[in-house]
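In case you want the letters, here they are:
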Amino acid sequence: MSDISDPGSFTAADFRRRIAKRGSALSDPSTYAGDHRLNPSMIEELEREDLRHAAVLVPVIDTGAEARIILTQRTTSLRKHSGQIAFPGGGIDPGDASPEAAALREANEEIGLDPSLVETLARLPDYLTATGFRITPVIALVDGGFSTKINPAEVAAVFEVPLSFVMDARNHGRGSREWKGKSRHFFTMPYGEWFIWGITAGIIRTLYERLYA
């Protein structure tokens, strides 16, 4: 594994190598990861049989130079997580063959990302949310020639963040909020005008811990 101080560490090729080297350990759920590590006492409360299964695409753009991650801002009209920064994704439907299929379908519906330009590589551990979801993050590489078409009913904006930025722990702040009378701690990753936090920052932090820490 190359030194992350080397700019070559943030190419899509290096990203692919890191994933291949980690293998099944990348999705190992046996240890807390991301912001679940900050809230271990809450895991039992979040782990319920009635959680709705969902999937998100963690799309890393293969630019040939420094890779970038695609993120969206959800519209303020959505019932849950409105206005927040998110990965493309949503609930797994009965017709979806797998979390990968669901993540690709949702990315196509939300931002017009052509599935033929996306190569799914691996999964991260499921992320449990306080709003009743079990989310499977699907890591993927996206061809640099992609284009997007926003679905305004779900997405207010789509933007890119350098992989080198989100994989640098110096850019990982922390915050907390009260939830059901308890303090819940989470990661924050402000980038320009965008405030990345909550589920999305937790998944990014897990990716960092599994590949770059």
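Quick caveat, the model's predicted, so the values are computed rather than measured.

Reading guide: rules and limits
- Residues numbered from 1 in each chain as written.
- Predicted model: local features only at pLDDT ≥ 70, side-chain atom pairs only at ≥ 80, totals over all residues.
- Heavy atoms only, no water.
- Helix = DSSP H or I, 4+ residues; strand = E, 2+ residues; numbered from the N terminus.
- Rg over C-alpha atoms; globule rule 2.2 N^0.38 Å.
- Buried < 20%, exposed > 50% of the residue type's maximum accessible area, 1.4 Å probe, protein only.
- pLDDT = per-residue confidence, 0-100.
- Polar contact = N/O pair within 3.5 Å; in protein donor to acceptor, adjacent residues only side chain to side chain.
- Axes fitted to C-alpha atoms, helices over the stretch in contact; angles between N-to-C directions.
- Parallel < 35°, antiparallel > 145°, perpendicular 65-115°, else oblique.
- Contact = heavy atoms within 4.5 Å.
- Nonpolar A, V, L, I, M, F, W, Y, C, P; charged D, E, K, R; others polar.
- Salt bridge = Lys/Arg side-chain N within 4 Å of Asp/Glu carboxyl O.
- Core = buried A, V, L, I, M, F, W, Y, C linked by side-chain atoms within 4.5 Å.
- Phe/Tyr/Trp six-rings, centres within 6.5 Å; stacked < 30°, edge-to-face > 60°.
- Lys, Arg positive; Asp, Glu negative; His and termini not counted.
- Arc of directions from axis to C-beta.

(A) Main features of the overall build of the chain. Check the secondary structure of the chain and you find 5 helices and 11 strands. Since a compact globule built from 213 residues should have a radius of gyration of about 17 Å, the 16 Å found for the chain is in line with a globular shape. Expressed along its principal axes, the backbone C-alpha trace of the chain runs to roughly 45 × 35 × 35 Å. Residue burial in the chain is summarised as follows: out of 213 residues, 49% are buried.

(B) A look at the confidence of the model for the chain. Mean pLDDT over the chain: 89, with 92% of residues reaching 70 or higher. Across the chain, the element-wise mean pLDDT spans from 73 in helix α2 (residues 43-46) up to 98 in helix α3 (residues 99-111).

(C) The side chain of Thr75, seen in detail. Its location among the elements puts Thr75 in the loop between β2 (68-74) and β3 (85-86). Here Ala153 takes part through its backbone oxygen, which lies 3.5 Å from a polar atom of the side chain of Thr75.

(D) Region of the structure containing the packing of helix α1 (residues 12-22) against helix α5 (residues 198-211). Interaxial distance between α1 and α5 falls to 10 Å at its minimum, and their mutual angle equals 75°. Taken together, the axes of α1 and α5 are roughly perpendicular relative to one another. Between α1 and α5, the residues in contact are Phe15, Arg18, Ile19 and Arg22 and Leu207, Arg210 and Leu211, respectively. In terms of residue class, the contact of α1 with α5 is made up of 4 nonpolar, no polar and 3 charged.

(E) Spatial organisation of the pattern of salt bridges. For the structure shown, the criterion picks out 13 salt bridges. Measuring nitrogen to oxygen at the nearest pair gives 3.1 Å for the salt bridge that ties Glu209 to Arg205. Taken together, the residues span about one helical turn, with Glu209 and Arg205 both in helix α5 at a distance of 4 residues. Arg205 shares its class with Glu209; the two are buried.

(F) Region of the structure containing the nonpolar core. With 41 residues, the main nonpolar core has Phe15, Leu163 and Met167 as its most contacted residues. What Met167 contacts, discounting residues up to four positions off in sequence, is Phe10, Ile204, Leu207, Tyr208 and Tyr212. Membership of the second largest hydrophobic core comes to 16 residues, among which are Leu104, Ala107, Val138 and Ala140.

(G) Layout of the packing of aromatic side chains. Counting across every chain of the model gives 4 aromatic pairs. Aromatic side chains Phe10 and Tyr212 sit 5.6 Å apart centroid to centroid with 15° between the ring planes, which places their arrangement in the stacked category. You can see Phe10 sitting in the segment before α1 and its partner Tyr212 sitting in the segment after α5, a full 202 residues away along the chain. Take Phe10: its relative accessible area is 9%, and that puts it in the buried class.

(H) The side chain of Arg210, seen in detail. Mapped onto the elements of the fold, Arg210 is located in helix α5. Buried charge without a partner: Arg210 forms no salt bridge, and the closest opposite charge is Glu209, 5.5 Å away. If near-sequence neighbours (up to four positions away) are discounted, Arg210 is found in contact with Arg22, Ala25, Leu26, Ser27, Asp28, Thr31, Ala33, Leu124 and Pro125.

(I) Layout of α1. The set of residues buried in α1 consists of Ala12, Asp14, Phe15, Arg18 and Ile19. Seen along its axis, α1 keeps its buried residues to an arc of 160°; they face one direction. Set apart from the buried face of α1 by more than 90 degrees, the exposed residues are Arg17, Ala20 and Lys21. Each element contacted by the buried residues of α1 is listed here: β1 (52-62), β5 (118-123), β7 (133-143), α4 (163-166) and α5. One or two residues past the end of α1 sits Gly23, with phi positive at roughly 60°.

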